[in-house]
Amino acid sequence: MELLQERYAGLKPKMVISYDRYSMKGSEDKKVRVTIDSNIRFRDYDVDLTSGRHGYPLLEEDMVIMEIKVPGEYPQWMSEILNKYGLEDQSFSKYGKAYLKSKELIPQAAKV
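Let us look at the structure shown here.

The rules we used
Residues numbered from 1 in each chain as written. Predicted model: local features only at pLDDT ≥ 70, side-chain atom pairs only at ≥ 80, totals over all residues. Heavy atoms only, no water. Helix = DSSP H or I, 4+ residues; strand = E, 2+ residues; numbered from the N terminus. Buried < 20%, exposed > 50% of the residue type's maximum accessible area, 1.4 Å probe, protein only. Phe/Tyr/Trp six-rings, centres within 6.5 Å; stacked < 30°, edge-to-face > 60°. Salt bridge = Lys/Arg side-chain N within 4 Å of Asp/Glu carboxyl O. Contact = heavy atoms within 4.5 Å.

**Describing unusual backbone geometry**
- Positive phi is not limited to glycine here, since Asn-39 has a value of about 50°.
- You can see Asn-39 is positioned in strand β2 (residues 33-43).
- Despite not being glycine, Asp-46 has its phi angle at roughly 45°, a positive value.
- Here Asp-46 shows up in the loop between β2 and β3 (56-57).
- Using a relative accessible area of 38% as the deciding quantity, one classes Asp-46 as partly exposed.

**As for the packing of aromatic side chains**
- Enumeration according to the criterion identifies three aromatic pairs in this entry.
- A centroid spacing of 6.0 Å and a plane angle of 75° characterise the contact between Tyr-45 and Tyr-56, whose relative ring orientation is edge-to-face. Remark: Tyr-56 occurs in strand β3 and Tyr-45 occurs in the loop between β2 and β3; sequence separation between them is 11 residues.
- Here the aromatic cluster, defined as three or more aromatic residues joined through ring pairs, consists of Phe-42, Tyr-45 and Tyr-56.

**Observations concerning the pattern of salt bridges**
- What the rule picks out here adds up to four salt bridges.
- In this structure, the salt-bridge partner of Asp-37 is Lys-94, at a minimum N-O distance of 3.0 Å. Taken as a pair, Asp-37 in strand β2 and Lys-94 in helix α3 (residues 94-111) lie far apart in primary sequence, 57 residues in all.
- Judged by relative accessible area, Lys-94 falls into the buried class, the value being 17%.
- A salt bridge links Lys-69 to Glu-67; the shortest N-O distance between them is 3.8 Å.

**Quick notes on the environment of Met-24**
- Of note, Met-24 is situated in strand β1 (residues 16-25).
- Expressed as a C-alpha distance, the spacing of Met-24 and Val-34, which sit 10 residues apart in the sequence, is 5.2 Å.
- Apart from the residues lying within four places of it in its own chain, the contact partners of Met-24 are Val-32, Arg-33, Val-34 and Ile-36.

**Let's talk about the environment of Gly-86**
- Within the secondary structure, Gly-86 sits in the loop between α2 (76-84) and α3.
- A relative accessible area of 54% means that Gly-86 is categorised as exposed.
- Gly-86 sits 65 residues away from Arg-21 along the chain, and the two C-alpha atoms are 23 Å apart.

Structure, rendered in structure tokens:
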């Protein structure tokens, strides 16, 4: 651990991402987990975690991120639900999206 601390001594936080999370675990299969993240916000200023949960919205107001964590294949019942509602696997990175959005905000901040 000390080697890592020495090697990366100059590292400083660059971004804070916060959200509200609702987490569920399977009652029959404890390995099945589903999380729903809402009110996702980010900021690349005031990056002290004790400064609160303010920042720019990452997604449109009525959007959430649902993450399904299942080792291996989805159980049959879950596959049926996902198919019924037309839900498909999709990759998403909160940090990646926040990074891109922060780059879009730079010209706006420069105009102020």
